[in-house]
Each structure stands twice: as structure tokens, then as C-alpha cells.
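# An overview of the molecular structure
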Amino acid sequence: MREGQSGRYAERIERALQRLQSGIAAGKTPSLSELAQEAAMSEYHFHRVCRLMTGETVGAAATRLRLAGSLPALRRDGIRQAADHSGYASSQAYSRALRAQAGVAPGELQRDATRFDEVAEALSKPADDGAALRIEIVALEPLRLLAIRNVGDYAELDLAYTRLFEIVCAQM
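The angle between the axes and the distance between the axes are what describe a pair of packed helices. The contact between helix H4 (residues 58-77) and helix H6 (residues 91-102) brings their axes to 11 Å, and the two run at 115°. Taken together, the axes of H4 and H6 lie roughly perpendicular to each other. Note on packing geometry: the crossing formed by H4 with H6 is left-handed. Across from Thr 63, Arg 64, Leu 67, Ser 70, Leu 71 and Leu 74 in H4, the residues of H6 making contact are Tyr 94, Ala 97, Leu 98 and Gln 101.

In C-alpha cells, the structure reads:
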């Protein structure tokens, strides 16, 4: 990314994620299209950049936020009401989702207040599990680079690649 681009992307992604969070809290999850529009990106580009910058897909973020928003209902009213609050069709589906996301069953959370607070904190933000794209160059030797500048129509890019491979093959 160009210098300063990641900061602008971060602001736009954050704005879209805030809209996702407020939409889920209001009971209406915004669509991918609405979130991409909020970030002033195409749906495809928004999804890619969001995954790259946060380490989770938009769908995973929505699931995490829905589960986080259901925890007060779980504590206060029980599993069925928490499932209803978070949009799951059954308490079994809710239990599976919570176990997959937080590693704990809803019943266990209801019985253990300390664990409940830990899970609520963990679901409030994306997991820092290294899922975001990290690139590490381990070795560069031997490394020879060849580049050809291509100016013009994208459709003519094939000509540049053809010329590039001709030069590489001639060097072998």
C-alpha cells in the first residue's frame, strides 16, 4: 500500500465496523453492500481489506458481535432468549456458535461469573490469533529480479509478460 493508504483504509474499515456493531445492537445487521458503501469501497475490495486489516472476515465479525450482544440476555434470561436476541433459530445453534467462537457452552457461562466476564471481553474485539495476514521473508538468496515497465491499456499487459518471459528464457 502507498504511504498513508493504510491509515485511510483503517479509518474507513473502522467506520464500517462501527456501523455493523450499531446495526447489530439495534437488531438489524447491515448487508455487506451497506458496509462497503460506508467504507466507500466495492464489496469485493471491502471484504478483502477488512480481512487483511482485522484478521477476520465480515461474516466472522458479525457472528462475534451478535454473540457478544447476546451475553446480557444469556445472563439475565437464559439460553433461549439469548438465542432469540442474537438471531439464532434454536438454542442448539446458539450453543454451537458460542462454543465455536468462545470455546465454552452457554450453560457453563451462566454458572461461572468470572468466565462470563472473560468471554464478554474476548467477544468485544477481534481475536489476535495471528489470523491477519503477516508476511515474513525468510531468505532472499539467491535473488535476481527482472522488471519491465508497462504503460498502456490493461488488455495489452499480456504483451509485457510475453516480453518478460522471452528475456528470462534467453538468460537461462
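Quick look at the environment of Arg 163 now. With respect to the helices, strands and loops of the structure, Arg 163 is situated in helix H9 (residues 157-171). Sequence separation of Arg 163 and Ile 148 is 15 residues, and the distance between their C-alpha atoms is 8.3 Å.

This part is about helix H3 (residues 43-54). Between its first and last C-alpha, H3 extends 16 Å over 12 residues, near the 16 Å set by a 1.5 Å rise per residue. Of the surrounding elements, those touching the buried residues of H3 are helix H1 (5-25), helix H2 (32-38) and H4. A positive phi of about 85° marks Gly 55, the residue just after H3.

Another aspect to go through is the packing of aromatic side chains. The full count for this structure, using the stated rule, is one aromatic pair. Note on Tyr 88 and Tyr 94: the rings are 6.0 Å apart at their centroids and 65° apart in plane angle, and the pair reads as edge-to-face. Here Tyr 88 and Tyr 94 have matching classes, each one buried.

For the rest of this paragraph, the subject is a nonpolar patch on the surface. A cluster of nonpolar side chains, contributed by Leu 146, Tyr 161, Phe 165, Val 168 and Met 172, occupies part of the molecular surface with about 550 Å² of accessible area. Within the fold, Phe 165 resides in helix H9.

What counts, and at which threshold
Throughout, a residue's number is its position along its own chain's written sequence, starting from 1. Side-chain atom pairs in this predicted model are given and counted only at pLDDT of 80 or more, local residue features only at pLDDT of at least 70, and totals for whole chains, interfaces and linings cover all residues. The side-chain values count all of the structure's non-hydrogen atoms but skip hydrogen atoms and water molecules. Angular values range over 0 to 180 degrees, each being the angle between N-to-C directions of two axes fitted as lines to C-alpha atoms, with helices fitted over their stretch in contact. Secondary structure elements follow DSSP: runs of H or I of four or more residues count as helices, runs of E of two or more count as strands, with numbering from the N terminus. Orientation categories follow fixed angle ranges, with anything under 35 degrees roughly parallel, anything over 145 roughly antiparallel, 65 to 115 roughly perpendicular, and all other angles oblique. In this scheme, a crossing is called left-handed if the near helix is turned counterclockwise away from the far one by less than a right angle; it is called right-handed if the turn is clockwise. The contact rule is simple, with two residues in contact once any of their heavy atoms fall within 4.5 Å. Expected helix span is given by 1.5 Å per residue-to-residue step, counting one fewer step than there are residues. Between rings of Phe, Tyr and Trp, where Trp is taken as its six-membered ring, a pair exists when centres lie within 6.5 Å; planes separated by under 30 degrees are stacked, by over 60 edge-to-face, and by other angles tilted. Burial classes follow relative accessibility: with a 1.4 Å probe on protein chains only, a residue under 20% of its type's maximum area counts as buried, one over 50% as exposed, and anything between as partly exposed. What goes into a patch is any residue over 30% in relative accessible area without a salt bridge, connected to like charges within 9 Å or, for nonpolar side chains (Val, Leu, Ile, Met, Phe, Trp, Tyr), within 5 Å. Only the protein chains shown count as cover for residues, with accessible areas throughout obtained via the Shrake-Rupley method and a probe of 1.4 Å. Any Lys or Arg side-chain nitrogen located within 4 Å of an Asp or Glu carboxyl oxygen qualifies as a salt bridge.

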